[in-house]
Amino acid sequence: MSLTRGLASRLPSALPLVAKAPVVPVVVIERLEDAVPLARALVEGGLPLIEVTLRTAVALEAVRHIAAEVEGAIVGAGTVVERAQIEACLEAGATFLVSPGTTPSLAEAFAETPIPVMAGCATASEAMRLAELGFEVLKFFPAEASGGVAFLKSIAGPLPHLRFCPTGGIGPANAPDYLALPSVVAVGGSWVVPADAIRAGDFGKVRDLAKAAAGLKRAARFG
Ligand code: 3PG
């Protein structure tokens, strides 16, 4: 099948999902036993949307456990880079998908996916192409390395309809600057799930970081 304008418009929108919290934690699970307590801490802290990156051997099992056991969690799979991963994510119970970038064949596969997708892009042309296909919320990645807030401000003039979840290099210091932009519906980041806290089983720290992140104000409107 070839890609045509609006192909992805039958995709469920990611907007209602990102409306739920200003920050999407980007989680790397090394030990499966950390998945459920980590997700519980994030939900308790007010961040129900959780992106589990497919970068570790246990990532899909982590998605499966969080989906089955953590009430209130909305768990998705990140670092989706090829179509072969999509079926496994769906089977594990992922409720959304995220990619760091989007090849034409990945876009085609996403367009047939029955759950919301935040497709990755880093340039104006990539963002325009994805919007043209019907993707509503784009992951801007790697945000800081690709021009950050200045880039998003610059393209909001000619392309005011684009909506982003910037990720990559974002932390408590610069998240408010991103969230002050009307085009930024949420930001993604790993700062709320520090590897050392997870290793130490310090889920209280994760909950506190999540609570602070959940309180961030954003300018985007969802209604
Ligand atoms: C991602 O996969 O989105 C990034 O690795 C997260 O970036 P960060 O670690 O800089 O927040």
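Residues numbered from 1 in each chain as written. Predicted model: local features only at pLDDT ≥ 70, side-chain atom pairs only at ≥ 80, totals over all residues. Heavy atoms only, no water.

Here we come to helix α7 (residues 148-156). Residues Gly 148, Val 149, Phe 151, Leu 152 and Ile 155 constitute the buried set of α7. Buried residues of α7, seen end-on, are gathered within an arc of 160 degrees and therefore sit on one face of the element. In this structure, α7 carries Lys 153 and Ser 154 as exposed residues pointing more than 90 degrees from its buried face. The inward-facing, buried residues of α7 abut α6 (124-133), β6 (137-140), β7 (163-166) and α8 (175-179). (Buried < 20%, exposed > 50% of the residue type's maximum accessible area, 1.4 Å probe, protein only. Helix = DSSP H or I, 4+ residues; strand = E, 2+ residues; numbered from the N terminus. Arc of directions from axis to C-beta. Contact = heavy atoms within 4.5 Å.)

Quick look at the site of the ligand now. Every residue lining the ligand is accounted for by Val 26, Arg 55, Lys 139, Phe 141, Thr 167, Gly 168, Gly 169, Gly 189 and Ser 190. Within the side chain of Lys 139, a nitrogen or oxygen atom sits 2.6 Å from an oxygen atom of the ligand. Interatomic distance of 2.6 Å between a side-chain N/O atom of Ser 190 and an oxygen atom of the ligand. Against a free-state accessible area of 310 Å², the protein chains account for coverage of 78% of the ligand. Here the shell around the ligand is composed, by residue class, of two nonpolar, five polar and two charged. (Near = heavy atom within 4 Å. Polar contact = N/O pair within 3.5 Å; in protein donor to acceptor, adjacent residues only side chain to side chain. Areas by Shrake-Rupley, 256 points an atom, 1.4 Å probe, with all protein chains shown as cover. Nonpolar A, V, L, I, M, F, W, Y, C, P; charged D, E, K, R; others polar.)

As a further point, take α6. Within α6, the full set of buried residues consists of Ala 127, Leu 130 and Leu 133. Looking straight down α6, one finds that the buried residues subtend no more than 125 degrees of arc, so they occupy a single side. Turning to α6, the residues buried within the fold contact α5 (104-110), β5 (117-121), β6 and β7. Where α6 terminates, the next one or two residues include Gly 134, which has phi positive at roughly 110 degrees.

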